[in-house]
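Per-entry structural report
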Amino acid sequence: MIKNHKNINAKISAVAGWVPDYVLTNNELSQMVDTSDEWITTRTGIKERRILKDPLLATSDMGKNAVDVLLEKRGISAEEIDLIICATVTPDMLFPSTACLIANKVGAKNAFGFDLSAACSAFIFALDCGAKYISSGQCKKVIVVGADKMSSIVDYTDRQTCVIFGDGAGAVLLEPEEDQLLGIRDSILKIDGAGGEYLKMIGGGSLNPATMNTVKMGHHYIYQDGKTVFKFAVTKMADVSEEIMKRNNLKGEDVAWLVPHQANLRIIDATAKRMSVDTDKVMVNIHKYGNTTAATIPLCLSDWENKLKKNDNLILAAFGGGFTWGAIYLKWAY
Ligand code: COA
């Protein structure tokens, strides 16, 4: 008999972030390509980003570090974890999944896991997915990791993309919450595959497996039509954030924090404006890390954790390649 578990709420019970030490500044980039600190700052809001320099380390190592911190903060052992979902667009390799590698590295012997691919929206897609495993009653402790080593797929001769991305990882723990009002309350997640051509990496998959030619053509790097992506992102992220507020009867002043994907400060500002959320209630760390893809939102939560209060209304919002986009409404639970 299938039990009806629909009353189990999922809450975030701990957060952690991890970024590599190396700081790649706008000034250093301006010695590599024809750009300037002024251009990057005014167009994107980014001042510096972190880069994982050690060639022996990859996305799973950053994810492992974030998960280690998470477990220590919550005071639980890795063996207690039921599920690890890794949101990433830069898996260590196509298989095994990065979730398997992280589980092995942290010693999560009793967990199952998988990777989730939704580019810059992957963390919120994975968070929603993880929450469903809690609310079904199947899992009691779910870790959602957002980790990306973007430097492994960035062409550092292409000024249009190399200024934007950075490396990093963040992780949250999901657990059941008895208080029906706390935890993850609502989500709206969307995709539109017609947008796929504007932001993609065409090499290395089953359509264009690696050859000398794919390497020569730069097909193992990110391709981005920045203008088109910007136009969609600015509209869709605001649309979905407004929609989730409306259907939960939230006004701008009810939102304690907007936690936006950190792609471009102008996209973040436009979203906050449409939601009528004051700028001092918007988590912004893009100047420090750039766009770390699946890691931006958990890195924000980690940076702001000590400012968050129980019952705070948070709206998480993201947009990414695919196109993918969405928003999650949650009430902070600790
Ligand atoms: N430094 C200096 N000049 C640059 C540059 C750089 N790093 N990158 C581009 N330029 C130039 C362009 O060549 C262009 O020159 P031209 O007018 O002589 O042709 C000019 O700056 C304007 O380029 P444009 O692409 O119109 O700039 P923009 O204002 O759209 O900003 C992005 C470019 C990439 C910052 C912006 O489009 C963006 O943020 N897009 C969304 C990216 C994103 O969110 N991606 C991840 C998805 S989650």
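Computed from a predicted structure; not experimentally measured.

Calculation criteria
- Residues numbered from 1 in each chain as written.
- Predicted model: local features only at pLDDT ≥ 70, side-chain atom pairs only at ≥ 80, totals over all residues.
- Domains from an automatic or database assignment.
- Contact = placed C-beta atoms within 7 Å.
- Helix = DSSP H or I, 4+ residues; strand = E, 2+ residues; numbered from the N terminus.
- Nonpolar A, V, L, I, M, F, W, Y, C, P; charged D, E, K, R; others polar.
- Pairing = 2+ DSSP bridges.
- Axes fitted to C-alpha atoms, helices over the stretch in contact; angles between N-to-C directions.
- pLDDT = per-residue confidence, 0-100.
- Near = placed C-beta within 6 Å.
- Right-handed = clockwise from strand over helix to strand, strands pointing away.

Our focus in this paragraph is the domain arrangement of the protein chain. Looking at the assigned domains, one finds that the protein chain contains domain 1 (9-177) and domain 2 (183-331). One C-alpha centre belongs to domain 1, the other to domain 2; they are set 14 Å apart. Listed by partner, the interface residues are 47 residues for domain 1 and 42 residues for domain 2. For the side of domain 1 that touches domain 2, the secondary-structure elements that each account for two or more residues are strand 1 (9-18), strand 3 (48-51), helix 5 (122-135), strand 6 (142-149), helix 6 (159-162) and strand 7 (167-177). Looking at the side of domain 1 that touches domain 2 residue by residue, the class counts come to 25 nonpolar, 12 polar and 10 charged.

This paragraph deals with the sheet that holds strand 5 (residues 112-116). Read across the sheet, 5 strands follow the order 1-7-6-4-5 without closing on themselves; strand pairing throughout is mixed. Of all strands in the sheet, those bounded by a partner on one side alone are strand 1 and strand 5. The mean angle between the axes of side-by-side strands here comes to 20°, regardless of whether they run parallel or antiparallel. Relative to strand 6, strand 4 (residues 83-87) runs parallel, the two sharing 5 bridges.

Further remarks concern the confidence of the model for the protein chain. Of the residues in the protein chain, 98% reach a pLDDT of 70 or more, and the chain-wide mean stands at 97. Note on residues 1-5: pLDDT under 50 across the span, and 4 contacts to partners over four residues away in sequence or across chains.

Turning next to the site of the ligand. Neighbouring the ligand are 21 residues; Thr 35, Cys 120, Gly 226, Phe 230 and Ala 263 lie closest to it. Secondary structure elements with two or more residues in the shell around the ligand: helix 2 (37-44), helix 6, helix 8 (226-247) and strand 12 (313-320). Considering every element that reaches the shell around the ligand, the biggest residue donor is helix 8, with 5 residues. Taken together, the residues of the shell around the ligand sort by class into 10 nonpolar, 8 polar and 3 charged. There are two domains that each give the shell around the ligand at least three residues, and those are domain 1 (9-177) and domain 2 (183-331).

This part is about the pairing of strand 5. In the sheet, strand 4 pairs with strand 5 via 5 bridges, with the strands oriented parallel. The residue bridging Leu 83 from the neighbouring strand is Phe 112, located in strand 5. The parallel pair strand 4 and strand 5, bridged by helix 4 (residues 98-106), forms a crossover whose chirality is right-handed.

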